[in-house]
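Below are the chains, spelled out letter by letter.
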Amino acid sequence: LRSSDIALGLRKLDRSSAQLDLAELAGADRSEIEVRRATLAEARQQFELAASFWLSATLDRPADRSLPSHLIDAAVRAANFDAAQLAAQNWLNLSNLPAAHFALAQLIALDDPINAKDHFAQAPIDKAQEFLAVLNDPRSSDPAYRAVALGRAYLAGNDLILAARAFQAATIANPNYG
């Protein structure tokens, strides 16, 4: 596994993959291999594949609180927002962590702002306050305005994929925003 990590760090992705194959044959921990395969898939910009490995690792190690956020991130980067939302909801159900509330709220804010507000309120994270301000703004009753304002909040948090999704939703809700 260490050889795979070194090869990945050197951006020798094929060598890293080969080392993982050898580690698997040698009986290395399955979930550790899945985590490394997910990381390797992300390095190759194969986010759908990465999400499947993160999911396997999450199922193998349900007590590991770091894995769900990786799964959600990979699903978002693959533009599979339904899978990301499901992963966030499952993480919340298992952990009730503030980070899980925040992740779910970010994913549902466009379509379900009322529930998103509840989840942002349960996430005492500084970034949550910006989203709450957007959703509490009376102008957010306009879906196009809400989408643009959320897009700006996503941009402020460097969540480029969610920002692009929000801006696309704004132009669909109001073509004059395009």
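(A) Spotlight on helix H2 (residues 13-25). With 13 residues, H2 should reach 18 Å at 1.5 Å per residue; the first-to-last C-alpha distance of 19 Å fits that figure. Within H2 the residues assigned to the buried category are Leu13, Ser16, Ser17, Gln19, Leu20 and Ala23. Looking down the long axis of H2, one finds its buried residues gathered within 160 degrees of arc, a one-sided arrangement. Relative to its buried face, H2 has exposed residues pointing more than 90 degrees away, namely Asp14, Arg15 and Leu25. If you follow the buried residues of H2, they end up packed against helix H1 (2-9) and helix H3 (30-43). In the segment just after H2, glycine 27 is the residue with positive phi, at about 90 degrees.

(B) Local environment of the environment of alanine 153. Relative to the helices and strands, alanine 153 resides in helix H10 (residues 143-156). Sequence separation between alanine 153 and leucine 104 is 49 residues; the distance between their C-alpha atoms is 15 Å. Leaving out residues up to four positions away in the same chain, alanine 153 has contacts with Glu130 and Phe131.

(C) Representation of the packing of aromatic side chains in the model. Using the criterion set out here, one finds four aromatic pairs in the structure. Here the aromatic rings of phenylalanine 102 and phenylalanine 120 are separated by 5.7 Å at their centres, their planes lie at 65 degrees, and the arrangement is edge-to-face. Separated by 18 residues along the polypeptide, phenylalanine 102 in helix H7 (residues 98-108) and phenylalanine 120 in helix H8 (residues 113-121) bring together distant segments of the chain. A single burial state applies to phenylalanine 102 and to phenylalanine 120, both of which are buried. Ring centres 6.0 Å apart and planes at 75 degrees place the aromatic pair phenylalanine 102 and phenylalanine 131 in the edge-to-face group. A residue pair is termed long-range when its members are at least 10 positions apart, and phenylalanine 102 in helix H7 and phenylalanine 131 in helix H9 (residues 126-136) qualify at 29 residues. These aromatic residues form a ring-pair network of at least three members: Phe102, Phe120, Phe131 and Tyr154. If you follow arginine 165 out to its NZ or CZ, it ends over the ring of phenylalanine 81, 4.4 Å from the centre.

(D) Highlighting the environment of isoleucine 6. The topology assignment puts isoleucine 6 in helix H1. The class of isoleucine 6 is partly exposed, set by a relative accessible area of 43%. For the pair isoleucine 6 and serine 16, spaced ten residues apart in sequence, the C-alpha to C-alpha distance is 7.6 Å.

Criteria and thresholds
Residues numbered from 1 in each chain as written. Predicted model: local features only at pLDDT ≥ 70, side-chain atom pairs only at ≥ 80, totals over all residues. Heavy atoms only, no water. Helix = DSSP H or I, 4+ residues; strand = E, 2+ residues; numbered from the N terminus. Expected span 1.5 Å × (residues − 1). Buried < 20%, exposed > 50% of the residue type's maximum accessible area, 1.4 Å probe, protein only. Arc of directions from axis to C-beta. Contact = heavy atoms within 4.5 Å. Phe/Tyr/Trp six-rings, centres within 6.5 Å; stacked < 30°, edge-to-face > 60°. Lys NZ or Arg CZ within 6 Å of the ring centre and 35° of its normal.

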